[in-house]
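This is what each chain is made of:
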Amino acid sequence: MKLAPSVLSADFARLLESCKKVEEAGCEYLHLDVMDGHFVPNITFGAPIIKSIRKEIDMIFDAHLMISDPDKFIPDLAKAGCDIITVHQETCIHLHRTIQNIKANNMKAGVVLNPATPVDTIKHILPDVDMVLLMSVNPGFGGQKFIPEVLNKVKELKRMIEEKNLEVLIEVDGGVNSSNIKSLVDSGADVLVAGSAIFGMDDINKAVQDLRNAALGR
């Protein structure tokens, strides 16, 4: 199980300092929510901000694009230093083409599903991706409550991956905390995005350790 703190919940006035803290706490991924104010209501940040922190942070940069036309931003995000880009199935008219565009820019590629989107809608693209991100809240805002039905989606997706004998990571984003993280890991999740459960705590090292312990049932 890998942890991916969501920058959306960080202190933007001390962004680099906040990112350093989660790196020092041993988190493997840095989850970067890029929003355009169109596909989702909020606007967050883009390639220039990512590039500025990339110079100082040695984590896997996991960019989640909540934008209506992701293809035109992919080259700039690659230059900014992203390692993985995930795009929403709901916003990509030609999903296969977008996945190939990400890979052509030397990054790993993933697809994102909103809570109400069935996992079988991506069965034909599954062999082409490195990761599937299942949203366990509706995209666009931090601090929402976890949608329990996503646990069944994780299990269903895990079965699909195993039946096809694929090496595809399952990531879950939204409302992840110490009360549900074990259920997610037991269901088959590999990468857990946590925002307020990490950045919202006074002691980030303790928050990270508490999540790891909870995932192990301790």
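All figures in this text were calculated on a predicted structure; none of them were measured in a lab.

What counts and what doesn't
Residues numbered from 1 in each chain as written. Predicted model: local features only at pLDDT ≥ 70, side-chain atom pairs only at ≥ 80, totals over all residues. Heavy atoms only, no water. Helix = DSSP H or I, 4+ residues; strand = E, 2+ residues; numbered from the N terminus. Expected span 1.5 Å × (residues − 1). Buried < 20%, exposed > 50% of the residue type's maximum accessible area, 1.4 Å probe, protein only. Arc of directions from axis to C-beta. Polar contact = N/O pair within 3.5 Å; in protein donor to acceptor, adjacent residues only side chain to side chain. Salt bridge = Lys/Arg side-chain N within 4 Å of Asp/Glu carboxyl O. UniProt positions renumbered as here; feature names shortened; annotations may be inferred. Contact = heavy atoms within 4.5 Å.

Enquirer: Help me understand helix α8 (residues 204-215) in this model?
Expert: One full turn of an α-helix is made of 3.6 residues, so residues set three or four places apart face in the same direction. An ideal rise of 1.5 Å per residue puts 16 Å on 12 residues; α8 measures up with 17 Å between its terminal C-alpha atoms. Among all positions in α8, only I204, A207, V208, L211, R212, A214 and A215 are buried. When α8 is viewed along its axis, its buried side chains cluster within an angular range of 165 degrees and face the same direction. Here α8 starts with a cap whose side-chain oxygen sits 3.2 Å from the backbone nitrogen of N205, and that cap is D203. Of the residues trailing α8, G217 is marked for its positive phi of about 80 degrees.

Enquirer: Can you help me understand the pattern of salt bridges in this one?
Expert: This structure, assessed with the given rule, holds six salt bridges. Ionic pairing is found between R14 and D11, a salt bridge with its closest N-O pair at 3.2 Å. Judged by relative accessible area, R14 falls into the partly exposed class, the value being 48%. Ionic pairing is found between K21 and E17, a salt bridge with its closest N-O pair at 3.8 Å. Here K21 pairs with E17, and both are found in helix α1 (residues 15-24), just four residues apart, close to one helical turn. Relative accessible area serves as the criterion here: at 39%, K21 is assigned to the partly exposed category.

Enquirer: Looking at this model, I keep getting lost on the UniProt feature "binding site: substrate" (unreviewed entry) in the protein. Mind explaining?
Expert: Here, UniProt's "binding site: substrate" (unreviewed entry) annotation points to S6, H64, G140, F141, G142, G143, D173, G174, G175, G195 and S196. Relative to the elements of secondary structure, H64 occurs in strand β3 (residues 60-66). Ignoring anything within four residues of it in the chain, the contact list for H64 reads H31, L32, D33, V34, T86, H88, V112, L133, M135 and D173. With respect to the helices and strands, S196 occurs in helix α7 (residues 196-199). Apart from the residues within four sequence positions on either side, S196 is in contact with S9 and M201.

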